[in-house]
Amino acid sequence: MLTNSLLFLFLFFFALPSSAVADVGTAASYGPPYLPTACYGNDQSQFPVDELFAAAGEGIWDNGAACGRQYLVRCLSAATRGACAEGQQVSIVVVDRASKLASPPSRNGTTLVLNTQAYGMIANLSVVGINVEYTDQV
Ligand SMILES: *[C@@H]1O[C@H](CO)[C@@H](O)[C@H](O)[C@H]1NC(C)=O
Ligand SMILES: *[C@@H]1O[C@H](CO)[C@@H](O)[C@H](O)[C@H]1NC(C)=O
């Protein structure tokens, strides 16, 4: 009996996939001006050196706790065939709130709004919205 319990515990904690759970949502794009942001105001140093960042939609904004979170984002599909860049994913950091952007997003109400550089890495920029898989990279 004890052995069975230990086996169960072992399976529960170690046999499950160790990677973070991926969620499915939507993404739009936005371009400059990027300042000020809802997370860090006018601080120019908030942007990562690779210039890949995003704004959080209300679903993941989490009362501002989303600021600084890193997500790995992958394009799953879009209304336009071929809009996703095959096999590409992009790592972004959240610096803003989608509903408070200094420049309007290509579509309202998405889970994430990626800046032009980030969006362009996983999808065709002429497509206003895509379905994505995103994973918190804490
Ligand atoms: C998003 O919502 C704003 C405010 O309601 C509106 O002005 C804008 O046209 C909308 N953008 C899109 C892409 O629908
Ligand atoms: C992006 O979409 C536009 C408009 O549909 C198309 O003309 C262009 O070839 C596409 N670019 C790529 C890289 O697929």
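These numbers come from a predicted model, not from an experiment.

Caption draft 1: Representation of the overall build of the protein. A tally of regular secondary structure across the protein gives three helices and six strands. Each helix and strand of the protein, ordered N terminal to C terminal, gives the series α-β-β-α-β-β-β-α-β. Among the 138 residues that make up the protein, the fraction classed as buried is 37%. The long-range share in the protein, meaning contacts at least 24 apart out of those at least 6 apart in sequence, stands at 76%. A total accessible area of about 8,000 Å² is found for the protein, and carbon and sulfur atoms account for 56% of it.

Caption draft 2: Spatial organisation of the state of the cysteines. Using the criterion set out here, one finds two disulfides in the structure. In this model cysteine 39 forms its disulfide with cysteine 67; the gap between the sulfur atoms is 2.0 Å. The S-S bond linking cysteine 39 to cysteine 67 shows a torsion near -85°; that makes this disulfide left-handed. Of this pair, cysteine 39 sits in the loop between strand 1 (22-30) and strand 2 (53-56) while cysteine 67 is found in the loop between helix 2 (58-61) and strand 3 (70-77), placing the two residues 28 residues apart along the sequence. Given the relative accessible area of 17%, cysteine 39 is considered buried. The exposure class assigned to cysteine 67 is partly exposed, which follows from its relative accessible area of 22%. Shown here is the disulfide that connects cysteine 75 with cysteine 84, its sulfur atoms set 2.0 Å apart.

Caption draft 3: How the structure looks around the pairing of strand 6 (residues 130-136). With six bridges joining them, strand 1 and strand 6 adopt antiparallel strand pairing. Along strand 6, the bridge assignment pairs alanine 22 with threonine 135. Alignment of strand 3 against strand 6, held across six bridges, turns out to be antiparallel. The partner of tyrosine 71 across the bridge, within strand 6, is aspartate 136.

Caption draft 4: Structural view of the nonpolar core. Counting 26 residues, the largest nonpolar core has Tyr71, Val73, Ile92, Leu112, Leu114 and Ile130 as its most contacted members. Going through the elements one at a time, strand 2, helix 2, strand 3, strand 4 (89-97), strand 5 (112-115), helix 3 (116-122) and strand 6 are the ones with two or more residues in this core. Once residues within four sequence positions are removed from consideration, isoleucine 130 is found in contact with Gly25, Thr26, Ala27, Cys75, Ser77, Ala78, Tyr119, Ile122 and Ala123. Counting residues in hydrophobic clusters, the runner-up holds 10 residues, among them Tyr30, Tyr34, Phe53 and Ala98.

Caption draft 5: Main features of the environment of proline 48. With respect to the secondary-structure elements, proline 48 resides in the loop between strand 1 and strand 2. Contact partners of proline 48, with chain neighbours within four places excluded, come to Phe53 and Val93.

Caption draft 6: Broad picture of the sheet that holds strand 2. The mixed closed barrel is built from six strands, whose spatial order is 1-5-2-4-3-6. Strand-to-strand twist of the sheet, defined as the mean angle between neighbouring strand axes without regard to direction, takes the value 45°. As judged from the three bridges shared by strand 2 and strand 5, these two strands associate in the antiparallel manner. By the bridge assignment for strand 5, alanine 55 is matched with valine 113.

Caption draft 7: Spotlight on the pattern of salt bridges. Counted under the stated rule, the structure contains three salt bridges. Of the charged contacts, one joins glutamate 58 and arginine 97 as a salt bridge, the two residues approaching to 2.8 Å between their closest N and O atoms. Separated by 39 residues along the polypeptide, glutamate 58 in helix 2 and arginine 97 in strand 4 bring together distant segments of the chain. The closest approach of N and O atoms between arginine 69 and aspartate 62, which form a salt bridge, is 3.1 Å.

Cut-offs used in this document
Residues numbered from 1 in each chain as written. Chains lettered and ligands numbered in written order. Predicted model: local features only at pLDDT ≥ 70, side-chain atom pairs only at ≥ 80, totals over all residues. Heavy atoms only, no water. Helix = DSSP H or I, 4+ residues; strand = E, 2+ residues; numbered from the N terminus. Buried < 20%, exposed > 50% of the residue type's maximum accessible area, 1.4 Å probe, protein only. Contact = heavy atoms within 4.5 Å. Areas by Shrake-Rupley, 256 points an atom, 1.4 Å probe, with all protein chains shown as cover. Disulfide = S-S within 2.5 Å. Pairing = 2+ DSSP bridges. Core = buried A, V, L, I, M, F, W, Y, C linked by side-chain atoms within 4.5 Å. Axes fitted to C-alpha atoms, helices over the stretch in contact; angles between N-to-C directions. Salt bridge = Lys/Arg side-chain N within 4 Å of Asp/Glu carboxyl O.

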